[in-house]
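Breakdown of the fold
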Amino acid sequence: MIQEVNSELKDSSVVTKLEAPVLNVSGLDVFINKTNILKDINLQVPRNQITCIIGPSGSGKSTLIRSINRINDDVLGYEKQGDIHFQNASIFKKNIDVASLRKNIGMVFQKPCVFPKSIAENVLFGIQHSKKLSKIEKAEIVEKQLKAAALWDEVSQRLDQRGSSLSIGQQQRLCISRTLAMEPQVILLDEPTSSLDPVSSRAIEKMMLDLKEQYTIVFVTHNIQQAKRIADRVVFMCEGEIIEQGTTNEIFTKSKHPKTRSYLVDEYCDC
Amino acid sequence: MNSRKTINSIFKNAVRLSFIFCAGILVFLFGTIIWKGSAAISLDFLTKPTENFGAAGGIVHQITGSLLMILTTAIISFPIALGTAIYRSEYLKNPRSQNMADTLIFSLNGIPSIIFGIFGLIFFVNILGTGVSWFVGSIILAMMILPTLVLSAYQSVNSVPSIYRESALALGMTKWKVISTVLLPKGINGAITGLLIGIARAIGETAPIMFIATAFSGVQFPTTLLQPVSALPTHILSLAQQATNPAALQNAWGTSMVLVILVVLFSTSGLLVRLRFQKK
Ligand SMILES: Nc1ncnc2c1ncn2[C@@H]1O[C@H](COP(=O)(O)OP(=O)(O)OP(=O)(O)O)[C@@H](O)[C@H]1O
Ligand SMILES: [Mg+2]
């Protein structure tokens with residue numbers, strides 16, 4: 001068992017070195033109403049891995065991932081310096097198509113948000129606007145992505161019912177399958193399990209481990225144990241800065257920074 | 001303890017009295033109109049044209065004239081209000097221009113209706129030389145009820161939680177797609193509510209249309225945009241001016257009853273629409 005984990009770690013670090021990171025955040029500073037929210041963020045996200053961002057409330061985790069798909073653009077008073085590269089191209093380039101950037105970098109929010117439509121229509125909500133789909137294709141996508149989000153068995157008999165009739169945990173998985181239907185390269189998840197019960201949380205964790213075969217995952221969480229369970233890499237943030245980052249093993253067993261160590265032990269950080 | 005109880009009961013009785021007073025006025029008004037009006041109302045009254053300056057005959061052209069103007073008012077104001085509401089909610093992000101837009105909408109709402117009438121008379125009838133025209137009347141009524149529609153539509157667009165916008169944007173939808181698929185359906189609900197309330201107000205207005213859109217007698221259903229019509233409120237005005245003639249007075253009550261029924265119809269359906277959408 002231990003050997004298996006070790007060899008997996010080795011494999012992934014080899015891959016990291018060979019392949020350029022999918023996302024590369026360099027020298028990112030974010031200001032909201034002139035307040036410096038993120039300070040000199042440097043971060044590389046390797047392909048087909050789960051990168052967990054942990055840190056206390058208000059440390060800027062959401063602001064960071066919301067900068068990556070540029071959903072923060074609409075926030076009043078938002079300014080940024082530095083750059084983010086997605087597959088070697090800057091996401092802030094002048095004529096970039098932000099909508100198609102977001103098709104490649106999907107996002108799942110903290111609170112599930114289903115649209116007032118049926119379960120099947122919710123899965124198709126994004127994709128049907130970017131592609132013409134036949135009836136058969138639609139049915140295929142619905143089945144495939146609900147299966148990928150481990151929801152199919154629970155809803156296959158009631159696809160025409162309203163999405164809002166599902167439990168909160170099921171709604172969150174519905175939101176995930178809606179994002180998967182876009183077939184993005186990267187999925188950003190902002191504390192997707194924080195409003196869920198432990199059973200639903202575990203279901204989503206397990207799903208993440210399956211999904212990383214196909215997708216690159218950036219997962220924000222408050223929950224240190226959760227990060228330990230699913231992460232390949234861990235990024236620890238505090239007060240708008242990255243204090244330390246590394247493989248899960250590095251962070252949890254040989255963290256160099258006293259702040260990281262105190263946060264991992266006490267879930268508290270006096271930064 | 002005792003004094004607190006007394007204060008409580010005084011307060012309770014005071015608010016109850018206000019309520020009774022309010023309900024009493026309504027019952028008295030409706031009661032009088034129905035009591036006096038129903039004597040005038042008959043199938044002939046509703047389906048025959050006016051004779052003898054309103055003292056005889058029916059009010060069919062007043063009913064169709066009012067409905068025609070109101071329908072046109074609705075068609076003109078609805079899209080403009082929806083567009084304004086969406087622009088205000090989704091595109092005006094800077095607080096100063098938001099304030100300016102709100103001030104504009106509220107001051108438009110505060111303008112007395114007679115001013116709209118005078119404006120229509122000077123700008124359309126005199127300067128543009130349209131003459132007395134029901135279509136100009138509809139334009140003026142549309143301006144007048146625009147703020148009601150805009151505010152109602154704006155409130156419902158703006159009350160869509162931002163997580164819906166963000167979720168849709170995060171799925172790679174363009175801003176316009178988000179507006180048309182997520183926000184417009186919501187905004188339309190609000191605009192319909194506002195429309196019914198605005199129309200309930202517009203159909204009873206006399207001042208804005210009496211100089212520019214209506215004639216008091218001898219008017220048929222219009223065949224062009226630039227003809228006058230007869231309308232219910234202005235007909236009541238002209239009948240009231242012949243109040244010494246009991247036949248004219250009775251028809252004034254009858255016309256009032258028809259008008260009030262239309263107003264109640266529009267405003268209660270506005271209320272129903274609002275309740276239905278609140279439930280969702
Ligand atoms: N729209 C905004 N306007 C003003 N300040 C903001 C805004 N969004 C975020 N902030 C500030 O930026 C800082 C970082 O917030 P952020 O939401 O990124 O933290 P977080 O790490 O995600 O916290 P949590 O774990 O509670 O979700 C906070 O101090 C917050 O108050
Ligand atoms: Mg957050």
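Residues numbered from 1 in each chain as written. Chains lettered and ligands numbered in written order. Predicted model: local features only at pLDDT ≥ 70, side-chain atom pairs only at ≥ 80, totals over all residues. Heavy atoms only, no water.

Topic: the packing of helix α8 (residues 168-180) of chain A against helix α9 (residues 198-211) of chain A
Residues and elements named next belong to chain A. Condition: Axis angles are defined between N-to-C directions and span 0 to 180 degrees, where every axis is a line fitted to C-alpha atoms and, for a helix, only to the segment in contact. By the criteria applied, helices consist of DSSP H or I runs no shorter than four residues and strands consist of E runs no shorter than two, each listed in order from the N terminus. Roughly parallel covers angles under 35 degrees, roughly antiparallel covers those over 145, roughly perpendicular covers 65 to 115, and oblique covers all other angles. By convention the crossing between two helices is left-handed if the near helix lies anticlockwise of the far one by an angle smaller than a right angle, and right-handed if it lies clockwise. Contacts are assigned to residue pairs with any non-hydrogen atoms lying within 4.5 Å of each other.
Put simply, α8 and α9 touch, their axes get as near as 10 Å, and they point 20° apart. When the axes of α8 and α9 are compared, the pair comes out roughly parallel. Here α8 and α9 pass one another in a crossing that is right-handed. Of α9, the residues touching α8 (which contributes G169, Q172, R173, I176 and L180) are S200, I204, M207, M208 and L211.

Details of the interface of chain A and chain B
As a reminder of what qualifies: Buried area: the accessible surface (1.4 Å probe) lost by two parts on joining, summed over both. Throughout this description, the term salt bridge denotes a Lys or Arg side-chain nitrogen within 4 Å of a carboxyl oxygen of Asp or Glu. Classes in brief: Ala, Val, Leu, Ile, Met, Phe, Trp, Tyr, Cys and Pro nonpolar; Asp, Glu, Lys and Arg charged; the others, Gly included, polar.
Taken together, the contact between chain A and chain B spans 23 residues of the former and 16 residues of the latter. For the pair chain A and chain B, the summed buried surface comes to about 1600 Å²; carbon and sulfur atoms form 71% of the total. Scanning the region where chain A abuts chain B turns up one salt bridge. Listed by contribution, the elements that provide at least two residues to the side of chain A that touches chain B are α3 (98-104), β6 (105-108) and α8 of chain A. In terms of residue class, the side of chain A that touches chain B is built from twelve nonpolar, five polar and six charged.

Some details on empty space enclosed by the protein
Going by this rule: Whether a set of points on the 1 Å grid over the protein atoms alone is a cavity depends on a 1.4 Å probe fitting there but being unable to get out, while an open set qualifies as a pocket with protein on both sides within 12 Å along at least five of seven lines; lining residues are those with an atom within 4 Å of a point. Grid points are joined across faces, edges and corners, and a volume is the space filled by probe spheres set on the points.
Here the structure, examined in full by the defined rule, presents two cavities of 30 Å³ or more. Reported here for the largest cavity is a volume of approximately 50 Å³. Every residue lining the largest cavity is listed: M107, V108, F109, K111, P112, C113, Q172, C175, R178 and T179 of chain A together with I163 and S167 of chain B. Elements supplying a minimum of two residues to the lining of the largest cavity: β6 and α8 of chain A together with α7 (162-170) of chain B. A breakdown of the residues in the lining of the largest cavity according to their chemical character gives seven nonpolar, three polar and two charged.

Focus: the site of ligand 1
Residue and element names in this part refer to chain A. What counts, and what does not: Working definition: residue near molecule or strand if any one of its non-hydrogen atoms lies within 4 Å of it. In protein, a polar contact means a hydrogen-donor-capable atom and an acceptor-capable atom, both N or O and within 3.5 Å, with residues adjacent in sequence counting only if both atoms are side-chain atoms; elsewhere, any N or O pair within 3.5 Å suffices. We get accessible surface area from the Shrake-Rupley algorithm with a probe of 1.4 Å; when it comes to residues, only the shown protein chains can shield them.
Taken together, 13 residues lie around ligand 1, and S57, G58, K61, S62 and T63 are the ones closest in. Between an oxygen atom of ligand 1 and a main-chain N or O atom of S59, the distance comes to 3.2 Å. A distance of 2.5 Å separates an oxygen atom of ligand 1 from a polar side-chain atom of T63. Summarising the interface, the protein chains cover 59% of the accessible area of ligand 1, which totals 630 Å² for the free molecule. Considering every element that reaches the shell around ligand 1, the biggest residue donor is helix α2 (residues 61-68), with three residues. Each residue belonging to the shell around ligand 1 can be placed in one class, and the counts come to four nonpolar, seven polar and two charged.

A short note on helix α5 (residues 113-127) of chain B
All names here are of chain B. This is how it is decided: Expected helix span is taken as 1.5 Å per residue step, with the number of steps being one fewer than the number of residues. Axes are fitted to the seven residues ending at a residue and to the seven starting at it; the angle between these axes is taken as the bend at that residue. Burial status follows relative accessibility: with a 1.4 Å probe on protein chains alone, a residue under 20% of its type maximum counts as buried, one over 50% as exposed, and anything between as partly exposed.
Look at α5: 20 Å from first C-alpha to last across 15 residues, which is about the 21 Å you get at 1.5 Å a residue. At G120, α5 shows its strongest bend, of approximately 25°. Of the positions making up α5, those classed as buried are S113, F116, G117, G120, F124 and V125. Structurally, α5 contributes buried residues whose contacts are with α4 (95-110), α6 (134-158) and α9 (207-210). Of the residues trailing α5, G129 is marked for its positive phi of about 65°.

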